[in-house]
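What follows is each chain in one-letter form.
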Amino acid sequence: MIIQELEESLRNISLLFEGSCNVDQQIEAFCNSQIVYEFVTELSSLPLHNHDLEKSCAEEGALDLVAIIRRLRGCYSRPIFTFFCLLSETARVFDRSLGRCFENVAFKLQKDKLGEKSLKSLLGSGGLAESYNEYSNLLEKENPHALYPTSPYRESEALIYKSPDDLRVEAVMACKTYTSIRIEEDIFDRSNLILRDFYLPLGRCVCLVDENVEKFYGSELNGYFEANNITLNKLIYRGMEVDKSLPIVENILNDFKTLNVARHEPVLVIGGGVIADIGGLACALFNRNTPYIMIGSSIVSAIDAGPSPRTCCDGHGYKNLTGAYHAPILAIADRSFFKTLRLGWLRHGIAEIIKMAIVKDGRLFEQLEIAGFEIVKTRFGTSDSAKGKEIETLSKKILAGAMRSYVESEYDNLNETHQCRPHAYGHTWSPGFELQAGLLHGHAVSIGMGLGAFLSWQRGWINQETLTRIADLISSFELSLWHEILLDEELIWTAQTSVTDKRGGNLAAPVPRGEIGMCGYLNELSREQLREGIIGYRSFCEKYPRSGVGVEPLCADVGLEDPSKKF
């Protein structure tokens with residue numbers, strides 16, 4: 001199926017619902033239509049990944065179709081109301097009036113109670129019943145994902161090899177999943193249909209929301225779902241680092257059970273990095289796999305923790321000790337949330353963008369140099385003073401570039417099966433000292449980035465000019481290059497030992513190597529070399545403002561509880 005064929009099929013199907021016939025007559029015509037039969041059977045037989053269709057959508061500027069079709073292909077056993085809602089969403093990409101046609105049919109069916117009947121049973125009772133029943137039997141044997149999918153967001157396959165006596169078996173297993181990433185503006189605006197399209201067929205939305213988001217945007221969130229006649233079940237949680245623990249995850253799991261969250265029902269998670277991590281982990285654990293949609297309300301959650309497949313919580317004094325790989329089915333970054341963030345929260349979030357710029361995207365690095373601290377002061381161009389000015393345009397480009405760079409690095413190594421991971425730059429030693437120092441995550445990462453760049457310079461992997469540009473950029477955003485905790489040799493060496501174990505026996509510390517935007521991996525670093533490197537780095541940092549200490553580097557400095565008090 002290519003994009004032109006899809007549009008033609010939708011237009012032909014819409015003709016069945018024209019005229020003055022009542023809904024029963026229209027549905028009878030629908031069930032007896034050969035066009036519908038060919039559409040349903042071809043659509044449900046599509047693989048999760050169809051290169052020709054996706055390439056066609058990308059080339060013709062209709063990339064949004066890809067995610068819609070992936071959901072539509074799993075509708076054969078879903079309610080017919082769901083099917084027509086997705087037809088409407090698909091058709092709207094081509095023609096808004098065509099989309100309204102299918103939406104009107106969906107609401108008619110819902111009103112007449114026909115919408116609750118599954119598409120499979122409805123089609124199996126019409127004039128083409130024998131053909132549909134034969135097709136269903138075929139799917140049961142050859143493509144059960146198309147017949148009874150647990151959810152439309154993933155599928156698996158395996159190759160099994162066994163010895164003649166069955167005493168030896170070898171298996172190769174693979175699971176395919178998908179994620180859509182969107183940069184949106186004003187996601188709660190009534191004219192923005194993204195969330196409505198997901199939750200209208202379900203009739204409700206279970207939403208895990210950061211209490212700070214609830215404080216500033218709770219009424220908008222309520223109003224959005226009320227306007228679309230969708231029941232909203234809100235679960236409000238704090239998003240401080242001290243809350244990033246297994247007991248809090250267990251509380252969320254209990255809430256999911258109370259609400260009977262289904263495995264085809266995406267939970268909506270809205271918040272910063274902590275809520276992204278613990279909410280994603282709860283979804284990974286609940287029924288072993290519950291889909292979720294992530295809306296990042298901070299820079300960290302918008303371009304890093306939000307789209308990341310790595311969900312987690314802290315433990316035993318280490319960041320992200322416990323977790324699971326579970327990517328959201330949709331990750332949304334919306335700058336409009338940044339306008340209510342404290343400058344300290346924005347400042348530390350910039351570190352994750354700088355990270356990608358240094359080791360992945362030299363153009364992004366240059367854009368950050370041009371923007372400077374103005375991007376923080378204007379809250380990514382969302383302040384009234386920034387509207388329509390160059391900083392607003394530049395802010396959008398930087399956010400988009402950071403998101404693209406992160407996804408390019410992360411998604412080819414979804415389950416972290418190897419350690420050539422540029423997006424781990426700055427995260428080698430910091431997980432072992434961030435909590436103990438009470439640092440904001442971004443300041444801990446920027447210290448790790450500065451130290452990594454210095455060690456790279458010591459080995460001749462980057463020149464003095466490159467090292468200085470990196471440190472200057474970090475300092476220009478008032479992020480930390482230095483903290484005295486680096487002098488705790490036992491703690492820092494333990495951090496290196498721990499991360500080496502976590503990385504499968506290799507240090508594999510990502511550092512800049514060559515030019516800005518390029519990455520290398522430092523794998524051999526003795527305790528003595530690390531100690532001498534830190535001493536040299538301390539001297540290097542002394543020339544910077546505050547001897548390399550950032551502005552408001554601690555959680556307590558920006559109104560958050562001090563995680564160091566837990567140790």
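I will try to describe carefully the structure that is included in this document. Quantities reported herein were computed from a predicted structural model and do not represent experimental measurements.

### Details of the overall build of the protein
Here is step 1: Helix and strand counts for the protein come out as 24 helices and 12 strands.
Here is step 2: Here the C-alpha atoms of the protein give a radius of gyration of 26 Å, agreeing with the 24 Å that 2.2 N^0.38 yields for 567 residues.
Here is step 3: Counting only C-alpha atoms and orienting by the principal axes, one finds that the protein spans roughly 80 × 70 × 45 Å.
Here is step 4: Counting over 567 residues, the protein shows a buried share of 57%.
Here is step 5: Within the protein, contacts between residues separated by at least 24 positions form 76% of all contacts whose residues are at least 6 apart in sequence.
Here is step 6: Carbon and sulfur atoms provide 49% of the accessible area of the protein, an area that totals close to 23,900 Å².
Here is step 7: Counting 59 positive and 76 negative side-chain charges, the protein places the averaged centre of each group 2 Å from the other.

### Focus on the layout of surface pockets
Unfilled space is identified by rolling a water-sized probe across the atoms.
Here is step 1: Quantified by volume, the second largest pocket comes out at close to 850 Å³.
Here is step 2: Thr177, Tyr178, Thr179, Tyr411 and Leu414 are the residues nearest the centre of the second largest pocket, which is lined by 28 residues in total.
Here is step 3: Contributions of two or more residues to the lining of the second largest pocket are made by α5 (64–72), β2 (169–177) and β3 (180–184).
Here is step 4: Residues belonging to the lining of the second largest pocket are distributed by class as follows: 14 nonpolar, nine polar and five charged.

### Digging into the packing of helix α1 (residues 3–14) against helix α3 (residues 34–44)
Here is step 1: Contact geometry for α1 and α3: axes closest at 10 Å, N-to-C directions at 140°. As summarised for this structure, α1 and α3 are arranged oblique, according to the angle between their axes. Crossing geometry of α1 relative to α3 is assigned as left-handed. In this structure, α1 contributes Glu5, Leu6, Ser9, Leu10, Asn12 and Ile13 to the contact, and α3 contributes Ile35, Val36, Phe39 and Glu42.

### Points about the packing of aromatic side chains
Here is step 1: Counted under the stated rule, the structure contains 23 aromatic pairs.
Here is step 2: Here Phe17 and Phe30 contribute two aromatic rings whose centre-to-centre distance is 6.0 Å and whose plane-to-plane angle is 45°, an arrangement assigned as tilted. With Phe17 in the loop between α1 and α2 (23–31) and Phe30 in helix α2, this residue pair connects regions lying 13 residues apart in the sequence. Assigned by exposure class, Phe17 and Phe30 land together as buried.
Here is step 3: Each ring, one from Phe256 and one from Phe286, has its centre 5.6 Å from the other, and the planes form 75°; the classification is edge-to-face. Pair noted here: Phe256 is in helix α13 (residues 246–258) and Phe286 is in the loop between α14 (273–285) and β7 (292–296), with a separation of 30 residues, a long-range link. The residues Phe256 and Phe286 share a single accessibility class, namely buried.
Here is step 4: Of note, Arg70 hangs over the ring of Tyr178, and the distance from its end group to the ring centre comes to 4.8 Å.
Here is step 5: Here Arg513 stacks its cationic end above the ring of Trp461, 3.9 Å away from the centre of that ring.

### Here's the deal with the sheet that holds β7
Here is step 1: On the basis of which strands lie adjacent, the open sheet formed by six strands has the order β3-β10-β7-β6-β4-β5 and parallel pairing. Here the strands that pair on one side only, and so sit at the sheet edges, are β3 and β5 (231–237). Within this sheet the neighbouring strands show an average axis-to-axis angle of 20°, counted without direction.
Here is step 2: Inspection of the sheet shows strand β4 (residues 204–210) paired to strand β6 (residues 267–271) by three bridges, in the parallel sense. Across the sheet, the residue bridging to Cys207 is Leu268, located in β6.
Here is step 3: Most of the contacts of helix α19 (residues 390–410) go to β3, to which it runs at about 170°, and overall it touches β3 and β10 (330–334).

### Description of a negative patch on the surface
Here is step 1: Taken together, the side chains of Glu5, Glu8, Glu38 and Glu42 present a region of like negative charge at the surface.
Here is step 2: For the negative patch, the elements supplying multiple residues, two or more each, are α1 and α3.
Here is step 3: Take Glu5: it is sitting in helix α1.

### Things to note about the side chain of Thr90
Here is step 1: Among the structural elements, Thr90 can be located in helix α6 (residues 80–94).
Here is step 2: Reaching out from Thr90, the side chain makes a polar contact with the backbone oxygen of Leu86 at a distance of 2.7 Å.

### Some details on the pattern of salt bridges
Here is step 1: Taken as a whole and assessed by the stated rule, the structure comprises 34 salt bridges.
Here is step 2: Across the salt bridge formed by Glu392 and Arg335, the nearest N and O atoms sit 3.7 Å from each other. Note that Glu392 is positioned in helix α19 and Arg335 in the loop between β10 and α16 (343–359), a separation of 57 residues in sequence.
Here is step 3: Salt bridges here are not isolated pairs; linked through shared partners, they connect Arg92, Glu103, Arg196 and Asp197.

### Brief notes about the state of the cysteines
Here is step 1: Tallied over the entire structure, the rule returns zero disulfides.
Here is step 2: With no disulfide of its own, Cys57 lies 17 Å from the sulfur of Cys75, the closest cysteine sulfur.
Here is step 3: Cys85 takes part in no disulfide bond, and the closest cysteine sulfur to it belongs to Cys75, at a distance of 9.3 Å.
Here is step 4: Using a relative accessible area of 11% as the deciding quantity, one classes Cys85 as buried.

### Digging into the pairing of β6
Here is step 1: Within β6, five of the five residues are buried, which leaves it mostly tucked inside the rest of the structure.
Here is step 2: Neither face of β6 is exposed, since Val267, Val269 and Gly271 on one face and Leu268 and Ile270 on the opposite face are all buried.
Here is step 3: A crossover connection joins β6 to the parallel β7 through α14; in handedness this β-α-β unit is right-handed.

### Re the packing of helix α21 (residues 441–458) against helix α24 (residues 527–541)
Here is step 1: It is the contact of α21 with α24, at a shortest axis distance of 10 Å, that shows an interaxial angle of 110°. Looking at the two axes, α21 sits roughly perpendicular to α24. For the pair α21 and α24, the contacting residues are Ile447, Gly450, Leu451, Phe454, Leu455 and Gln458 in the first and Glu532, Gly533, Ile534, Gly536, Tyr537 and Phe540 in the second.
Here is step 2: Here the residues of the contact of α21 with α24 are counted per class, giving seven nonpolar, four polar and one charged.

### A short note on helix α12 (residues 211–227)
Here is step 1: Relative to the 24 Å expected for 17 residues at 1.5 Å per residue, α12 spans 22 Å between its end C-alpha atoms, a close match to the ideal helical length.
Here is step 2: For α12, every residue scored as buried is listed here: Val213, Tyr217, Gly218, Leu221, Gly223, Tyr224 and Phe225.
Here is step 3: Packing partners of the buried residues in α12 comprise α11 (194–199), β4, β5 and β6.
Here is step 4: At the N-terminal boundary of α12, the capping side chain belongs to Asp210, with an oxygen 2.8 Å from the backbone nitrogen of Asn212.
Here is step 5: Backbone geometry just after α12 places Asn229 at a positive phi near 55°.

Reading the values: rules and limits
Residues numbered from 1 in each chain as written. Predicted model: local features only at pLDDT ≥ 70, side-chain atom pairs only at ≥ 80, totals over all residues. Heavy atoms only, no water. Helix = DSSP H or I, 4+ residues; strand = E, 2+ residues; numbered from the N terminus. Rg over C-alpha atoms; globule rule 2.2 N^0.38 Å. Buried < 20%, exposed > 50% of the residue type's maximum accessible area, 1.4 Å probe, protein only. Contact = heavy atoms within 4.5 Å. Areas by Shrake-Rupley, 256 points an atom, 1.4 Å probe, with all protein chains shown as cover. Lys, Arg positive; Asp, Glu negative; His and termini not counted. Charge placed at Lys NZ, Arg CZ, Asp CG, Glu CD. 1 Å grid on protein atoms, 1.4 Å probe; cavity = no way out; pocket = protein on both sides within 12 Å on 5 of 7 lines; lining within 4 Å. Points joined across faces, edges and corners; volume = space filled by probe spheres on them. Nonpolar A, V, L, I, M, F, W, Y, C, P; charged D, E, K, R; others polar. Axes fitted to C-alpha atoms, helices over the stretch in contact; angles between N-to-C directions. Parallel < 35°, antiparallel > 145°, perpendicular 65-115°, else oblique. Left-handed = near helix turned anticlockwise from the far one by under 90°. Phe/Tyr/Trp six-rings, centres within 6.5 Å; stacked < 30°, edge-to-face > 60°. Lys NZ or Arg CZ within 6 Å of the ring centre and 35° of its normal. Pairing = 2+ DSSP bridges. Patch = residues over 30% accessible without salt bridge, like charges linked within 9 Å, V, L, I, M, F, W, Y side chains within 5 Å. Salt bridge = Lys/Arg side-chain N within 4 Å of Asp/Glu carboxyl O. Polar contact = N/O pair within 3.5 Å; in protein donor to acceptor, adjacent residues only side chain to side chain. Disulfide = S-S within 2.5 Å. Right-handed = clockwise from strand over helix to strand, strands pointing away. Expected span 1.5 Å × (residues − 1).

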